[in-house]
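Each chain, written out:
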Amino acid sequence: MAATIQSSAWKTLRKIWQSLGAIKTGVVLLILVVIISAAGTVILQRPATEADEMQRAYSPQVLRLLDGAGLTDVFHAWWFVLLLSLVSLSIIVASLQRFPNSWRFFSRPYKSADETFRNALPNHVLIPIKDEEQALSVTERVFHKAGFRAEHIVRENSFSLFGERHRLSELAVYIVHASLLLIFLGGIVDALYGWRGFVTLNRGQQSSQVEAQNGSKRDLGFAVRCDGAGQENYADGTPKRWWSDLVVLDNGREALRKQIVVNDPLVYRGIRFYQASYGNTGKIDRLVLAATPRDGKAPQDIAIGLDQTVSLDSDTTVRLAEFIPDYVVRDGQIYARSSDLENPAARLVVESRKSNHAVDFWLPAIPGFEQNASSPYTFEGKDLQMAYFTGLEVSHEPGQWSVWAGVLVMGLGLAVVFYFVHTRVWAAPVRDARGQLMLWIGGTANKNKDVFEQRFRELVEQIKTELKISSKAGAETPVTSLAGK
């Protein structure tokens with residue numbers, strides 16, 4: 001009974017092993033990876049996409065379904081990691097099943113042209129010769145010219161030549177397999193240990209934390225500061241590019257400084273900061289005013305920020321107390337209609353140090369609120385600079401080195417697959433059925449059979465020319481078909 005159970009278990013394991021190594025299994029799993037990866041580029045992904053944009057793009061029901069299935073963060077979903085693991089396992093099993101035979105073929109190529117092999121080889125030809133030593137010497141020279149490193153194969157009662165090119169191409173499929181494993185390993189490492197977050201910074205602001213997709217805060221171990229952000233436009237006013245001047249502060253010291261744009265991130269300690277968004281905060285950065293005293297003295301230009309106080313003279317100060325980018329008066333109150341710079345208003349507080357008397361000066365003058373006539377200074381706006389924020393997508397992808405190594409190895413493997421053909425040629429003096437001395441020449445290639453047959457004919461013609469065999473002699477000698485016998 002125990003033996004039966006053991007035998008059944010062994011058969012089941014063997015069946016699973018064979019199924020994992022089957023080409024159909026690998027192809028189906030690879031197709032699934034491609035489809036899901038494509039879905040991850042089509043479906044908006046968190047946290048690269050802001051929550052408001054996600055809600056505008058999908059209805060609440062669809063968004064709950066996508067979040068529940070992990071399709072809004074495909075490359076970190078547990079089932080995607082499982083799929084990558086299954087594909088990797090399938091590639092490993094398929095390689096283990098087929099590698100021993102491939103390695104034997106690679107390490108011990110068949111070099112001897114015995115009679116059984118000669119009869120079985122599809123591409124071969126017979127050329128009449130008079131002296132086998134001379135014929136082999138000429139053939140070896142032609143092989144060398146064609147790029148084959150000829151070897152002398154000596155047996156007990158035979159002597160022949162063997163030449164080959166690009167034997168490495170027999171293992172090209174395993175180079176591609178290794179590249180896929182490296183890429184999938186990088187994807188698995190990123191899914192398990194990588195993370196993505198988002199941080200918004202105003203000019204002059206710094207942060208050592210980012211907000212992860214689940215809303216938690218993640219410490220960076222250093223701080224990043226925004227020294228400036230802006231937008232460049234085309235002539236028609238459409239955005240051309242966004243940029244941010246970032247500074248990395250490590251232990252209070254400036255460690256790195258870079259201006260980033262889209263697709264050109266700042267990288268520090270393996271953490272990437274991408275330019276993701278840019279916009280107006282609705283707050284003022286600096287207001288340039290011309291302040292003119294009512295006593296007729298010369299005006300002066302001042303630059304002032306929100307809640308900043310500037311001295312106008314030994315007794316008078318001015319403070320920017322309030323700035324509304326788009327104001328409206330309703331029901332005796334001043335409201336901000338939007339954060340767009342459409343209808344701006346500024347409230348300045350002009351104060352005397354001696355009397356502690358303060359008046360509200362509004363730009364523009366808003367009836368019922370302004371006290372402009374009581375101010376010892378009049379003010380005129382000359383320039384206005386709004387504060388802008390930069391939105392940074394932050395990512396830590398520790399598996400990227402493996403992914404890029406896999407891409408390089410795949411490039412090597414595909415180059416070997418497409419541009420290198422394992423070609424083998426043989427030459428051996430033999431006697432035909434009538435006892436006439438002939439030079440048997442054969443060849444084969446592991447791919448591009450039609451191209452090889454043409455090159456094989458050219459090689460044969462070159463040998464004939466070198467042997468100075470006349471076309472008449474060639475016509476009298478039966479030559480087997482290169483397409484097969």
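Cut-off values and rules
- Residues numbered from 1 in each chain as written.
- Predicted model: local features only at pLDDT ≥ 70, side-chain atom pairs only at ≥ 80, totals over all residues.
- Heavy atoms only, no water.
- Helix = DSSP H or I, 4+ residues; strand = E, 2+ residues; numbered from the N terminus.
- Rg over C-alpha atoms; globule rule 2.2 N^0.38 Å.
- Buried < 20%, exposed > 50% of the residue type's maximum accessible area, 1.4 Å probe, protein only.
- Phe/Tyr/Trp six-rings, centres within 6.5 Å; stacked < 30°, edge-to-face > 60°.
- Axes fitted to C-alpha atoms, helices over the stretch in contact; angles between N-to-C directions.
- Parallel < 35°, antiparallel > 145°, perpendicular 65-115°, else oblique.
- Left-handed = near helix turned anticlockwise from the far one by under 90°.
- Contact = heavy atoms within 4.5 Å.
- Nonpolar A, V, L, I, M, F, W, Y, C, P; charged D, E, K, R; others polar.
- Pairing = 2+ DSSP bridges.
- Domains from an automatic or database assignment.
- Expected span 1.5 Å × (residues − 1).
- Arc of directions from axis to C-beta.

## Describing the overall build of the protein chain
Counting its regular elements, the protein chain contains 11 helices and 20 strands. Whereas a compact globule of 485 residues would reach a radius of gyration of roughly 23 Å, the protein chain reaches 40 Å, over 25% beyond that. Here the C-alpha coordinates of the protein chain stretch approximately 130 × 70 × 40 Å along the principal axes. Split into buried and exposed, the 485 residues of the protein chain put 41% on the buried side.

## Concerning the packing of aromatic side chains
Aromatic rings considered in pairs are described by the distance between their centres and by the relative angle of their planes. Under the definition given, this model contains 16 aromatic pairs. Between Phe99 and Trp103, the ring centres sit 5.9 Å apart and the planes meet at 20°, which makes this aromatic pair stacked. Placement of the pair is Phe99 and Trp103 together in helix 5 (residues 78-107), with a separation of four residues, close to one helical turn. Judged by relative accessible area, Phe99 falls into the partly exposed class, the value being 34%. Taking 5.2 Å as the distance between ring centres and 10° as the angle between the ring planes, the aromatic pair formed by Tyr278 and Tyr388 counts as stacked.

## Digging into the packing of helix 2 (residues 23-42) against helix 5
Put simply, helix 2 and helix 5 touch, their axes get as near as 10 Å, and they point 150° apart. By the angle class used here, helix 2 and helix 5 are roughly antiparallel. In this structure, helix 2 crosses over helix 5, and the sense of that crossing is left-handed. Within the contact between the two elements, helix 2 uses Ile23, Thr25, Gly26, Leu29, Leu30, Leu32, Val33, Ile36 and Ser37 and helix 5 uses Trp79, Phe80, Leu83, Leu84, Leu86, Val87, Ser90 and Arg98. Partitioned by chemical class, the residues of the contact of helix 2 with helix 5 number 12 nonpolar, four polar and one charged.

## Here we look at the sheet that holds strand 2 (residues 151-154)
Spatially, the five strands line up as an open sheet ordered 1-20-19-3-2, and their pairing is antiparallel. In this open sheet, the two strands that pair with only one neighbour each are strand 1 (123-128) and strand 2. Shown here is a sheet whose adjacent strand axes are inclined to one another by a mean of 20°, direction ignored. Bridge count for strand 3 (residues 159-165) against strand 19 (residues 423-431) is five bridges, and the pairing is antiparallel. Paired with Leu161 across the two strands is Ala427, which belongs to strand 19. Along the sheet, helix 7 (residues 132-145) contacts strand 2, strand 3, strand 19 and strand 20 (437-445); its crossing angle with strand 19, the most-contacted strand, is approximately 170°.

## Quick look at the sheet that holds strand 17 (residues 358-363)
Read from one edge of the open sheet, four strands run 12-13-16-17, paired in antiparallel fashion. The sheet is open, and its two borders are formed by strand 12 (309-311) and strand 17, each paired with just one other strand. Strand after strand, the sheet turns through a mean of 25° between neighbouring axes, direction not considered. Bridging between strand 16 (residues 345-352) and strand 17 involves six bridges; their strand directions are antiparallel. If you follow Leu348 over to strand 17, its bridge partner there is Phe361.

## So, the domain arrangement of the protein chain
On domain assignment, one finds that the protein chain holds domain 1 (2-99), domain 2 (109-166 + 421-470), domain 3 (192-282 + 390-399) and domain 4 (284-383). The C-alpha centroid of domain 3 is placed 66 Å from the C-alpha centroid of domain 2.

## Focus: helix 9 (residues 400-419)
Across its 20 residues, helix 9 extends 28 Å between first and last C-alpha, which sits within 8% of the 28 Å expected from 1.5 Å per residue. The set of residues buried in helix 9 consists of Gln400, Ser402, Val403, Gly406, Gly413 and Val416. Against helix 8 (172-193) and strand 10 (271-293) lie the buried residues of helix 9.

## Digging into helix 10 (residues 449-466)
Along its 18 residues, helix 10 runs 25 Å from first to last C-alpha, staying within 8% of the 26 Å computed at 1.5 Å per residue. Here helix 10 has its buried residues at Phe452, Glu453, Phe456, Leu459, Val460, Ile463 and Lys464. In an axial view of helix 10, the angular spread of the buried residues amounts to 140°, which keeps them on one side of the axis. Away from its buried face, by an angle of more than 90 degrees, helix 10 presents the exposed residues Asp450, Arg455 and Thr465.

## A short note on the environment of Gly204
Assignment of secondary structure puts Gly204 in the loop between strand 4 (195-202) and strand 5 (206-212). The exposed category is assigned to Gly204, whose relative accessible area is 53%. Beyond its immediate chain neighbours, meaning those up to four positions away, Gly204 contacts Arg225 and Cys226.

## Some points on unusual backbone geometry
Here the residue pair Leu363 and Pro364 is connected by a cis peptide bond, since its omega of -5° sits within 30 degrees of zero. Of note, Pro364 is situated in the loop between strand 17 and strand 18 (377-396). In this model, Asp331 sits at a positive phi of 55°, which is unusual for a non-glycine residue. Within the fold, Asp331 resides in the loop between strand 14 (327-330) and strand 15 (333-336).

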